[in-house]
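Architecture and fold: a report
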Amino acid sequence: MIQTSEAIYKYLRPDKKFPHVWCPGCGAGIVMGALVRAIEKTGLTKDEIVLVSGIGCSGRMSTYLDFNTLHTTHGRALAFATGIKLAKPELTVIVIMGDGDATAIGGNHLIHACRRNIDINAIIINNNIYGMTGGQYSPTTPTNNKASTAHYGNIEKPFDICKLVEACGATYVARSTTYHAKMLDSLIERSIGKHGFCVVEAMAQCPVQYGRRNKLGGPVDMLQLYKENALSIGAYEKLTPEEIADQFPVGVLVDKEEPEYLDKYRNNIQKAGGNVP
Amino acid sequence: MKKAKEVLLQGNEACAMGALAAGMRFFGGYPITPSTEIAEFLSVELLKVGGIFIQMEDEIASMAAIIGASLAGVKSMTATSGPGFSLMQENIGYASMAEVPCVVVNVMRGGPSTGMPTRPSQGDVMQSRWGTHGDHPSIVLCPQSVMECYTLTIRAFNLAEKYRTPVIVLMDGIVGHMWENIHIPENIEIIDKREPTVPPEWYEPYEDLPGGEIAPLVPFGEGYRYHVTGMVHDSQGFPTLVKDEVEQCLNKIIYKIKNNLHDIIEIEEYLVEDAEICIIAYGSVARSAKEAVKMARGEGFKVGLIRPITLWPFPRFHLEHASRKMKTLIVPEMNYGQVYGEVLKSSPHKAVKVTRVDGELITPEEIMKKIEEVAL
Ligand SMILES: Cc1ncc(C[n+]2csc(CCOP(=O)(O)OP(=O)(O)O)c2C)c(N)n1
Ligand code: SF4
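Basis of the calculations
Residues numbered from 1 in each chain as written. Chains lettered and ligands numbered in written order. Predicted model: local features only at pLDDT ≥ 70, side-chain atom pairs only at ≥ 80, totals over all residues. Heavy atoms only, no water. Contact = heavy atoms within 4.5 Å. Buried area = accessible area lost by both parts, 1.4 Å probe. Salt bridge = Lys/Arg side-chain N within 4 Å of Asp/Glu carboxyl O. Polar contact = N/O pair within 3.5 Å; in protein donor to acceptor, adjacent residues only side chain to side chain. Helix = DSSP H or I, 4+ residues; strand = E, 2+ residues; numbered from the N terminus. Buried < 20%, exposed > 50% of the residue type's maximum accessible area, 1.4 Å probe, protein only. Pairing = 2+ DSSP bridges. Axes fitted to C-alpha atoms, helices over the stretch in contact; angles between N-to-C directions. Phe/Tyr/Trp six-rings, centres within 6.5 Å; stacked < 30°, edge-to-face > 60°. Lys NZ or Arg CZ within 6 Å of the ring centre and 35° of its normal.

For the rest of this paragraph, the subject is the interface of chain B and chain A. At the interface, 43 residues of chain B touch 42 residues of chain A. Carbon and sulfur atoms supply 61% of the area that chain B and chain A bury against each other, a total of about 3400 Å² over both sides. Summed over the three residues of chain B that lose the most area to chain A, namely E57(B), F220(B) and R225(B), the buried surface amounts to 21% of that side. The closest approach of N and O atoms between D66(A) and R225(B), which form a salt bridge, is 3.1 Å. Inspection of the region where chain B meets chain A yields 18 residue pairs in polar contact (both at pLDDT 80 or more).

The tally for this structure, following the rule as stated, stands at 39 salt bridges over all chains. Two residues, R37(A) and D185(A), come together in a salt bridge whose shortest N-O distance is 3.0 Å. Of the two residues, R37(A) is situated in helix α2 (residues 28-42) and D185(A) in helix α8 (residues 181-193); the sequence distance between them amounts to 148 residues. Comparing R37(A) with D185(A), the two get one shared label, buried. Residues participating in the shared-partner salt-bridge network are R13(A), K46(A), D47(A), D66(A) and R225(B).

Our next topic: the environment of E166(A). All names here are of chain A. Among the structural elements, E166 can be located in helix α7 (residues 161-167). Here E166 falls in the partly exposed class, since its relative accessible area comes to 41%. Not counting residues up to four positions away in its chain, the partners in contact with E166 are V173 and V254.

For the rest of this paragraph, the subject is the sheet that holds strand β12 (residues 277-280) of chain B. Residues and elements named next belong to chain B. Overall, mixed pairing links the five strands, which are arranged β11-β13-β12-β15-β16 in an open sheet. The open sheet has two edge strands, β11 (267-270) and β16 (351-355), and neither has a second partner. Recorded for the sheet is a direction-independent mean angle of 20 degrees between the axes of neighbouring strands. Across four bridges, β11 lies against strand β13 (residues 303-308) in antiparallel orientation. Note that in β13 the partner of E268 across the bridge is R307. Packed onto the sheet, helix α10 (residues 284-298) meets β11, β12, β13 and β15 (328-333) and runs at close to 165 degrees relative to β13.

Before going further, it helps to examine the environment of P364(B). Residues and elements named next belong to chain B. Here P364 lies in helix α13 (residues 364-375). Classification of P364 by relative accessible area gives buried; the value is 16%. Between the alpha carbons of P364 and A292 there is a distance of 4.6 Å; along the sequence they are 72 residues apart. When sequence neighbours within four positions are dropped, the list of residues in contact with P364 reads S288, E291, A292 and M295.

Bringing the packing of aromatic side chains into the picture now. Summed over all chains, the structure comprises nine aromatic pairs over all chains. Judged by centre distance (5.8 Å) and plane angle (40 degrees), the rings of Y11(A) and F67(A) are tilted. In this pair, Y11(A) is assigned in helix α1 (residues 4-11) and F67(A) in the loop between α3 (61-64) and β2 (68-71), connecting sequence segments 56 residues apart. You'll find Y11(A) and F67(A) in the same group, each marked buried. Between the aromatic rings of W312(B) and F314(B), the centroid separation amounts to 5.7 Å while the plane-to-plane angle is 45 degrees, which identifies the pairing as tilted. Relative accessible area serves as the criterion here: at 4%, W312(B) is assigned to the buried category. Accessibility expressed as a relative area gives 9% for F314(B), which makes it buried. Ring pairing ties together the aromatic residues Y203(B), F220(B), Y224(B) and Y226(B), which thus form one cluster. Between the NZ or CZ atom of R129(B) and the centre of the ring of W130(B), over which it lies, the distance is 3.8 Å.

Written as structure tokens, this is what we have:
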């Protein structure tokens, strides 16, 4: 396994824009570590990878990693990524989004990327809150929880991101948490190897804007909660609906084969009599 | 431009064909009248040349996708009208800030909001200049004929590459839907991506080069790893708040256009030499204006026409220069006076307007009436 110090020099941009903007105890860095370890295992070179991010705390990851990197507008990362992938299919395109980024402002792009089944890897860092703008509720904030714009408790129902993208046609859907960091590596690694639209949801603590407001304790307490509530998909499915409280399944939730967008597109180029790239 | 063959084309089609001739190989769009024919045409023709056509989920995504494609090294374009153009604004600003070449065609329709989908207008002159937030440059070209839909779309791609910036082709619905015979030129000037002259370790995508030269944008995946962001950035592309770097970043995008006005601005002048009255008109209205000039000359009025082909940057110095000799400037437009406002800036006491916002075109007679009014 790649050592931290090696990873810093191999994949980070230590001489560029550090220190990073993340708060102490933030989960985003753990997800970044998992991503780097996953990429190391795929054997891809840095030039073969494009890392696209949206706007938010998690969106800053593209600044720190030494790939071809693109920090886009809020919610639009997948749409930018679609253009890159279609224009240069040989590139491996990885997209990092926050939960608000991916499912609120970018919800439309997310569901359509799933439907198209384009070969892009989306990693959604779900911290259940809008971190960067100071803790407003997001589409994944649990009902009754507090946020800076939900002082009296959130009255909206949260999305289950994995179920959402499954319903929209993603061919690979997986979830892990920052407590289960090694599982996260392998889920990401598998998604990069998969030919189709893949979503990995990474549950990651935001102790500063979410944890504190909801009295969840510090980063360690929040990791403890992930440890307790995350069940392997097999164990989770054994629960009856009455038994399910805060538990959620982790692991590979969907993995199926379906024709990929560019492959279908190449067929049409042939029909049109064009030269298939 | 040399030999040519003649074909009957619609403005929208000519625009799409011009884009193909310029080497555009990625189109992302969302249908909207009166620009739809551009997408429809390209959904057939792009595949024949191995290019990519994708109908995105909305205009925000379309604009994002063409920026992505351009960063991957492919010339890209989108086309839209009124409300769709509004949705694109955030990412047009992104392309401006991140200095990513691309072309946006806006076939204007009556507004605001859903307005008059099938009726022409010139209501987006200011949106094409200031639609996105912040101070930023813009290059906007305004064809008046089917031929110009072809040639100016090519020019838009050339300017986009040369200045690493989004370029807008602003057509009114009349020009987009008009049919004319045009000569497709065989030899056209095409500006392509420039190769980097330095090895990857030295490459700075936002470097200020001597003499105002613009650093080439190396496509992703070619060994030149760098960062692209819509945030104010340093010469390497990383977000910065350091005062000098902020100013350098913002000045750079403004001055690369400001310092090259002579190259970017194109106008057409018609009988202005001895004119006492000058009409300033663009797009389809310029054609009515030219007719009006002919009518007026027939009746002995000394009238000329200045047609901004480049609408932005606005040809202010040309107008200031010309207007010194003129008694009156007449600005007919299919809006309440958007270019009229610009003309007032260069000639405060001489400009009058002719406006029409009912979705009908401005006739030569209407302009003639105004000429008589101001001449007598
Ligand atoms: C169009 C637009 N609207 C709003 C914002 C402000 N904004 C920046 S980040 C953000 C939310 C970030 O939350 P999330 O996506 O969950 O990421 P996190 O910061 O929690 O990692 C918002 C609303 C913006 N940048 N652009
Ligand atoms: S606000 Fe939350 S998500 Fe953002 S850096 Fe701080 S801890 Fe992380």
